[in-house]
Amino acid sequence: MTVKARNRLLALLWLGLAGVAATAMALASIYLYLKPGLPSVESLRDIRLQTPLRVYSQDMKLIGEFGEKRRNPITIEQTPEPFIHAILAAEDASFYSHNGVSIKGLMRAASQLIKTGSIQSGGSTLTMQVARNFFLSREQRFVRKFNEILLSLQIEQELSKDEILALYINKIFLGNRAYGFQAAAQVYYGKDIKDLNLAQWAMMAGLPKAPSTFNPLANPSRALVRRNWILKRMLDLGYISQDQFKQSITAPVTASYHSRDLDLNAPYIAEMARKEAVELFGDNAYTDGYQIITTVDSRLQEAARNALQHGLESYDARHGYRGPEQRLAPELLQDSDQLIDLLNEIPILGGLEPGVVTAVEPKKLLVQLRDRRVIEVPWSNGLDTIRPYISESARGARLQSAEKMFAPGDVIRLRKVVKDSQVEETPSEAEATAGVDLSTGPAEPAEPQTSEEWVLTQVPDAQGALVSIAPEDGAIRALVGGYDFRQSHFNRVTQAARQPGSSFKPFIYASAIERGYTAASIINDAPIIFEQSNLQDVWRPENDGGTFLGPTRLRMALYRSRNMVSIRLLQSLGLDYALGFVEGFGFERSKLARNLTIALGSSALTPLEMVRGYAAFANGGYRVEPYLVDRVLDVNGEVLYQALPLTVCNNCPELGSGPAALSAEPLDLADLHPEEPQVDQGQEPAELHLLPVGPLDPSKSQARPRAPRAMSAETAYIMDSMLKDVIKRGTGRRALKMKRGDIAGKTGTTNGPRDAWFSGYSPHLATSAWVGFDSYGELGKNEYGGSAALPIWIDFMSTALEGLPERHLAQPDNIVTVRINPKNGLRTSYGGMFEIFRTNRMPGREVYNPYRNRYTDDTRDLPSQEAQGDSLPEELF
């Protein structure tokens, strides 16, 4: 080698070393510059995957899911091995051998940077994708790429390969709001990842490359090409056999969109729970994987929804058919695709499916459904009963021809009815004539056949609400805030404050019984006129029907809902006393009218407030607070919050009043039975306390605070008896069809009528039902609480109480039954009827007074008023 050549080689060597040194210094400088801004890899161990909020019933039926990102994290052990192979074949075959960075991939990215000035493909390993997805943006910038490399190297040093792969499997975005492969499997195939086949695993593994545009729903042809390429890679890498490859590569694309199926249709409940979760956790409620377990019983919730929808549809049918929802232009009927698109935009409400009339004959309709079927609606399927709507109180004549009401292009509502029919096996003629003995062995039962019919109907204009709670602690067992949540998100159980009418009267009667009146006290049912400044002008209240009964016992006045008696009773008690007493049931005094109209239920209250009040009649006289959230679990299933509701405890010492009343020992749930009310010692109701919900402290016993009394056990027992008479012989007689002796309640109807109510109970459940128009329109003549709301209550409670034994409040020790004269409420020795009284509040014995020519009261054998401990009003008898 010549000197000149040797010098040239040394120069090149020094230049190379200088270049390497410069590169090393540059890389070190970049490292030192970027290192402080890199996140801690240790935080990956504690990373919280964004998991949606889920709401469940008490029996763990899914009610709702909230959050933009659908995610169901799984462990590496729960991930099928063939699917892991598919991921590696698609994204990083050398994952288990490299140190987090692929030199070959980086060289390819560098080449693109030099040629185009930007990085067109990532050259990223799985580790680098994890770094990007957790900490960095997806922007293709030079600095971001260096950050990604450095962070990947750190991740590889501090986490195992399986930990890195698990993060990738659960974090990556895969289109259609799915994050992680478990959620994506449910979105695209409606299955868990472990239940897919090889072709589907390969399809899933191809999603990360372009999840929004190349997924099998958005672009099935491109997704198929990607899937087949991955299958070929798996074959080349030895992950699958030739037979598996041939079988999978010919498999069709089977992906379709699967929304998260809810186990229970309870959207009003789900929305209430969502709001409570946001109040507790803020926006983190949507991403931290909280599980809200409600108090709702799925069986009762389903019964409540069915009862309310059926009741509103029945009410609607009594008031006439309002005609088609829409009338489409005739040219739309010629474009079937556009017609189907339009039908798909119309929501199914209450199970009633929209359809477009395509042809009309005198006695039938042909209707296009959204699934492209054209079905026939015969005359007997709702057409024969149509009477056109004129007003809520008037209908037209019965329809004689479908052509008078309908035309092609009309959008109508239909209900699908599926009928089961058993096909009878009959002997053939040959068998019959041949004398074949068909009784020699049991015949094979014929398979049941089903037939599908479509019945014409319409979505009700009226609305309603139903809520049912457990009397012992206020747990909401069922709640439906309207006909259909998709029609209106307005929750009428909690938001619709409406006048309860006569269903409020029991609280006034209870205040009178507590004050000293009895069920046999006589009040005059006669006209009355008031001229008071706070009532504006002159008030002339009336009874329904305009009739008056004269002197009437309180029991009869309640079950016959006599307005004049309620007003006179409240007038005698005094507003301040009555309002104070009623407040003990949980009603806010500020919401109650400060005049005598409150006796007729003029104060606007929600169904939830009403059912809370009636729960006190059901549980023996205790005030409870309705609550929905039983407990909150974190993403790992650990209990974070537990409800501690006011709870009835009949075997516990009586509470005092005030805050000290809530500092109780833990209650034994076996003692929480409303059949055994304690004798009241005359204490005032405890002041209102909000539902205590808080974090669990394992070191402390979680005591349920005892429910304070709203009324004495004696008053509750007497009121229970009076309210049962509403069912037996009053405005609630329709409920006799339930054939139960432990149900009680009260109807309510307001002027117009505009509101129809029934609030009632069994010791198992307290339930309120309301029907009315959101616009405060009139319900129509002949509509009352007993005709519109009570059937809904009966329908629900019949299902809710099915199989449950009758339960009754235990009779307190100082309650006695005596014979009275029903005309004057006095004790008698013959005839008459039996009535219940407190031992110190029995009426006098009737004595014939020849000077007045009638029976009068002889109270010589009764304790004095001082001994009774109560000051009885002068108008008592």
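Residues numbered from 1 in each chain as written. Predicted model: local features only at pLDDT ≥ 70, side-chain atom pairs only at ≥ 80, totals over all residues. Heavy atoms only, no water.

Trainee: Please explain the overall build of the protein chain as it appears in this structure.
Mentor: Broken down by element type, the protein chain carries 24 helices and 27 strands. Taken across its 877 residues, the protein chain has 52% of its residues classed as buried. Considering only contacts in the protein chain between residues 6 or more positions apart, those separated by 24 or more positions represent 71%. (Helix = DSSP H or I, 4+ residues; strand = E, 2+ residues; numbered from the N terminus. Buried < 20%, exposed > 50% of the residue type's maximum accessible area, 1.4 Å probe, protein only. Contact = heavy atoms within 4.5 Å.)

Trainee: Could you clarify how one ought to interpret helix α17 (residues 505–515) in this entry?
Mentor: Because an α-helix completes one turn every 3.6 residues, residues spaced three or four positions apart along the sequence face the same direction. Where burial is concerned, most of α17 is hidden: 10 out of the 11 residues are buried. Listing the buried residues of α17 in full gives K505, P506, F507, I508, Y509, A510, S511, A512, I513 and E514. Looking one or two places after α17, you find G516, whose phi comes out positive at around 140 degrees.

Trainee: Would you mind showing me how to read unusual backbone geometry here?
Mentor: Residues other than glycine predominantly adopt negative phi, and peptide bonds predominantly adopt the trans conformation. In this structure, the amide linkage connecting G752 to the following residue, P753, adopts the cis form with an omega of -5 degrees. Looking at where P753 falls in the secondary structure, it is placed in the loop between β21 (744–749) and β22 (755–762). Of note in this structure, Y776 is not a glycine but carries a positive phi near 65 degrees. Classification of Y776 as partly exposed rests on a relative accessible area of 47%. At N782, a position not held by glycine, the phi torsion is positive, near 65 degrees. Position of N782 among the secondary structure elements: in the loop between β23 (765–772) and α23 (785–800).

Trainee: Mind showing me how you'd approach the nonpolar core here?
Mentor: Considering soluble globular proteins, one finds that nonpolar side chains tend to be buried as a cluster. Of all hydrophobic cores here, the largest spans 94 residues; its most connected members are F504, F585 and F617. Element by element, the count of residues in this core is highest for helix α21 (residues 607–618), at 8 residues. If we skip the residues at most four places from it in the chain, F585 touches F507, A510, R612, G613, A616, F617, R623, A710 and M711. The next biggest cluster of nonpolar side chains, apart from the first, holds 49 residues, and it includes I74, A166, A183 and A223. (Core = buried A, V, L, I, M, F, W, Y, C linked by side-chain atoms within 4.5 Å.)

Trainee: For this particular structure, what's the right way to read the pairing of β21?
Mentor: Remark: a regular strand shows side chains that alternate across the two faces of the sheet. Counting buried residues along β21, 5 of its 6 residues qualify, which places the element largely inside the surrounding structure. Taken together, the 6 bridges between β21 and β22 define a ladder with antiparallel strand orientation. Bridge pairing links T749 to A756 in β22. In this structure, the hairpin formed by β21 and β22 is closed by a connection of 5 residues, where G752 is found at a positive phi of approximately 130 degrees. (Pairing = 2+ DSSP bridges.)

Trainee: Just to check I follow, could you spell out the pattern of salt bridges for this structure?
Mentor: Close approach of charged atoms allows side chains of opposite charge to pair. Across all of its chains, the model carries 37 salt bridges by this definition. Taking the shortest distance from any N to any O, the salt bridge between E361 and K364 comes out at 4.0 Å. In this structure E361 comes out as partly exposed when scored by relative accessible area, which is 38%. Overall, the relative accessible area of 22% leaves K364 in the partly exposed class. Here K724 and D720 are joined by a salt bridge, their closest N and O atoms 3.2 Å apart. Here the residue K724 and the residue D720 both occupy positions in helix α22 (residues 713–729), the gap between them amounting to 4 residues, near one helical turn. Neither residue differs from the other here; K724 and D720 are each classed as buried. One network of salt bridges, in which partners are shared, links D371, R373, K416 and E452. (Salt bridge = Lys/Arg side-chain N within 4 Å of Asp/Glu carboxyl O.)

Trainee: Sorry, what's going on with the packing of aromatic side chains here?
Mentor: Any pair of aromatic rings gets described here by the distance separating the centres and the angle formed by the planes. All told, the structure shown has 20 aromatic pairs when counted by the stated rule. With 5.6 Å between their ring centres and 65 degrees between their planes, F504 and F587 make a pair best called edge-to-face. Of this pair, F504 sits in the loop between β13 (476–480) and α17 while F587 sits in the loop between α20 (575–583) and α21, placing them 83 residues apart in sequence. Side by side, F504 and F587 carry an identical accessibility label, which is buried. Aromatic pair Y614 and F617: ring centres 5.6 Å apart, planes at 75 degrees, arrangement edge-to-face. Remark: F617 and Y614 occur in helix α21; sequence separation between them is 3 residues, near one turn of the helix. With respect to burial, Y614 and F617 carry one shared label: buried. An aromatic cluster of three or more residues is present, and its members are F504, F507, Y577, F581, F585, F587, Y614 and F617. (Phe/Tyr/Trp six-rings, centres within 6.5 Å; stacked < 30°, edge-to-face > 60°.)

Trainee: It is not clear to me how the pairing of strand β5 (residues 353–361) should be interpreted in this structure. Could you clarify?
Mentor: Alignment of β5 against strand β6 (residues 364–368), held across 5 bridges, turns out to be antiparallel. Across the sheet, the residue bridging to V356 is Q368, located in β6. What sits between β5 and β6 in their antiparallel hairpin is a turn of 2 residues.

Trainee: What am I meant to see in the side chain of N381 here?
Mentor: Along the chain, N381 turns up in helix α15 (residues 379–383). The class of N381 is buried, set by a relative accessible area of 8%.

Trainee: Sorry if this is basic, but what is going on with the packing of helix α10 (residues 220–236) against helix α11 (residues 242–249) here?
Mentor: Two elements in contact, α10 and α11, have axes whose closest approach is 10 Å; the angle formed by their N-to-C orientations is 175 degrees. The orientation of α10 relative to α11 falls into the category roughly antiparallel. Of the residues in α11, those in contact with R227, N228, L231, K232 and L235 of α10 are Q242, F245, S248 and I249. Residues of the contact of α10 with α11, tallied by class, amount to 4 nonpolar, 3 polar and 2 charged. (Axes fitted to C-alpha atoms, helices over the stretch in contact; angles between N-to-C directions. Parallel < 35°, antiparallel > 145°, perpendicular 65-115°, else oblique. Nonpolar A, V, L, I, M, F, W, Y, C, P; charged D, E, K, R; others polar.)

Trainee: Would you explain helix α8 (residues 181–189) in this entry?
Mentor: Counting buried residues along α8, 9 of its 9 residues qualify, which places the element largely inside the surrounding structure. Among all positions of α8, only F181, Q182, A183, A184, A185, Q186, V187, Y188 and Y189 are buried. The secondary structure elements touched by the buried residues of α8 are α3 (81–91), α7 (161–171) and α9 (198–205). The positive-phi residue at the C-terminal boundary of α8 is G190, with phi of around 70 degrees.

Trainee: I'm lost on the sheet that holds β22 in this one. Help?
Mentor: Pairing between the strands of a sheet comes from backbone hydrogen bonds, and it takes one of two forms, parallel or antiparallel. Strand order in the open sheet made by the 5 strands is β13-β12-β23-β22-β21, with antiparallel pairing throughout. Across the chains shown, the open sheet's two edge strands, defined by having one partner strand only, are β13 and β21. Going from strand to strand, the sheet's axes swing by 5 degrees on average, the running direction of each strand aside. Its contacts with the sheet put helix α13 (residues 298–317) on β12 (463–469), β13 and β23, and the angle it makes with β13 is roughly 30 degrees.

Trainee: What's the story with the packing of α17 against α20 in this structure? I'm lost.
Mentor: Two measures define how a pair of helices packs: the angle their axes make with one another and the distance between the axes. Axis separation between α17 and α20 bottoms out at 9 Å; the angle between their running directions is 105 degrees. With respect to α20, the axis of α17 lies roughly perpendicular. Side by side, α17 and α20 meet where F507, I508, A510, S511, E514 and R515 of the first sit next to Y577, A578, F581 and V582 of the second. When the residues that make up the contact of α17 with α20 are grouped by side-chain class, the tally is 7 nonpolar, 1 polar and 2 charged.

Trainee: Where do I start with the environment of P805 in this structure?
Mentor: With respect to the helices and strands, the residue P805 is situated in the loop between α23 and β24 (815–820). Linking P805 and H764, residues 41 residues apart in sequence, is a C-alpha distance of 9.4 Å. The residues contacting P805, other than those within four sequence positions of it, are R740, D742 and H764.

Trainee: Sorry, what's going on with the side chain of Q463 here?
Mentor: Considering the arrangement of structural elements, one finds Q463 in strand β12. At a separation of 2.8 Å, a polar atom in the side chain of Q463 contacts the main-chain amide nitrogen of Y483. Those residues in contact with Q463, other than ones at most four positions away along the chain, are L312, G482, Y483, Q487, R492, W770, V771, G772 and D774. (Polar contact = N/O pair within 3.5 Å; in protein donor to acceptor, adjacent residues only side chain to side chain.)

Trainee: I keep staring at the environment of S572 and nothing clicks. Help me out?
Mentor: Assignment of secondary structure puts S572 in helix α19 (residues 563–573). Given the relative accessible area of 22%, S572 is considered partly exposed.

Trainee: How should the confidence of the model for the protein chain be read in this particular structure?
Mentor: For residues with low pLDDT, the predicted coordinates do not support detailed interpretation. Of the residues in the protein chain, 77% have a pLDDT of 70 or more, and the chain-wide mean is 82. Note on residues 655–701: pLDDT under 50 across the span, and 115 contacts to partners over four residues away in sequence or across chains. Within the model, the stretch residues 859–877 combines pLDDT values under 50 with 28 contacts to residues more than four positions away or in other chains. (pLDDT = per-residue confidence, 0-100.)

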